[in-house]
Amino acid sequence: MFNVLTGFKFIAEKIQEFEETGNYIYMFGFEESFGYLIKPFVRDKDAIQAVLLVAEIAAYYRSRGLTLADGIDEIFKEYGYFAEKTISVILSGMDGAAEIKKIMDKFRDNAPSQFNSTAIALTEDFQELTATDGQGHVEKLTTPPSNVLKYTLADDSWFAVRPSGTEPKIKFYIATVGETLSEAEEKIANIEAEINAFVGQ
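Parameters and conventions
- Residues numbered from 1 in each chain as written.
- Predicted model: local features only at pLDDT ≥ 70, side-chain atom pairs only at ≥ 80, totals over all residues.
- Heavy atoms only, no water.
- Buried < 20%, exposed > 50% of the residue type's maximum accessible area, 1.4 Å probe, protein only.
- Helix = DSSP H or I, 4+ residues; strand = E, 2+ residues; numbered from the N terminus.
- Pairing = 2+ DSSP bridges.
- Expected span 1.5 Å × (residues − 1).
- Arc of directions from axis to C-beta.
- Contact = heavy atoms within 4.5 Å.
- Polar contact = N/O pair within 3.5 Å; in protein donor to acceptor, adjacent residues only side chain to side chain.
- Phe/Tyr/Trp six-rings, centres within 6.5 Å; stacked < 30°, edge-to-face > 60°.
- Lys NZ or Arg CZ within 6 Å of the ring centre and 35° of its normal.

Undergrad: Would you mind showing me how to read the pairing of strand β9 (residues 158-163) here?
TA: Most of β9 is tucked away, with five of its six residues classed as buried. As paired strands, strand β8 (residues 149-153) and β9 are joined by four bridges and run antiparallel to one another. Bridging across to β9, Leu 149 finds its partner in Val 161. The antiparallel pairing of β8 with β9 creates a hairpin that spans four residues between the two strands, and Asp 156 there sits at a positive phi of about 75 degrees. Inspection of the sheet shows β9 paired to strand β10 (residues 169-178) by six bridges, in the antiparallel sense.

Undergrad: What's the story with helix α2 (residues 47-63) in this structure? I'm lost.
TA: Helical periodicity: at 3.6 residues per turn, an α-helix aligns residues three or four positions apart in one direction. Here α2 contains 17 residues, and its C-alpha end-to-end distance of 24 Å stays within 8% of the 24 Å for a straight helix at 1.5 Å per residue. Among the residues making up α2, those that are buried are Gln 49, Ala 50 and Tyr 61. The buried residues of α2 occupy an angular sector of 110 degrees when the element is viewed end-on, so they sit on one face. Structural note: α2 exposes Ile 48, Val 51, Leu 52, Glu 56, Arg 62 and Ser 63 on the side pointing more than 90 degrees away from its buried face. Looking at the packing, one finds that the buried side of α2 touches β2 (35-37) and α3 (68-79). Regarding α2, its N-cap is Asp 46, as a side-chain oxygen of that residue lies 3.1 Å from the backbone nitrogen of Ile 48 further along. Immediately downstream of α2, the backbone of Gly 65 shows phi near 75 degrees, a positive value.

Undergrad: Please explain the packing of aromatic side chains as it appears in this structure.
TA: The way to describe two aromatic rings as a pair is by their centre distance and the angle between their planes. Overall, the coordinates contain 13 aromatic pairs when judged by the stated rule. Centre to centre, the rings of Phe 107 and Tyr 151 are 6.2 Å apart; their planes meet at 40 degrees, and the pair counts as tilted. Separated by 44 residues along the polypeptide, Phe 107 in helix α4 (residues 93-110) and Tyr 151 in strand β8 bring together distant segments of the chain. With respect to class, Phe 107 is no different from Tyr 151; both count as buried. An aromatic cluster is defined as three or more aromatic residues linked by ring pairs; in this entry it consists of Phe 107, Phe 115, Tyr 151, Phe 159, Phe 172 and Phe 198. Note that Lys 106 overlies the ring of Phe 198, its terminal NZ or CZ placed 4.8 Å from the centroid. Between Lys 150 and the ring centre of Trp 158, over which it is positioned, the NZ or CZ distance is 4.5 Å.

Below you can see the structure in the form of structure tokens.
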């Protein structure tokens, strides 16, 4: 599993690298904005391939007398219930750009040590290319630099913050895991509320 920056061009770079070095065989690529790529004869997200894969998965579950919803529930029961939310805040004009920078600086320089009463176990700063664990140990990231901050909590939930590269907005991504879907969704709500409170201070 390789983590790359947002955008299929970075996935395509990995495909090219694998083909040139022979170190790995590309199996599957995806990104947060619901893009998927199974076969690398396309070097961008490909909905046709994704639909074919979903049809195959649906046929498998139907052969067991189950629906796609039943199938995802099986996965949740085995690995945990996951929830995600993306929040986009539009801040237009010169004042908006300054406000976005101020928010990023605040998270970068003064982030709390916990969210949802759960310690931050890892802080990744993709601009500084550092990954800092809860004990202060720092490792170097190998991705290209980008103005993105990601915080992983001790319960494997995480959230990230970054300015949009194409619009005057700042985006927050939240992902949680719980023993039930309601627990995962409650964590989302708590983390969102704490992000709003931190930004508003």
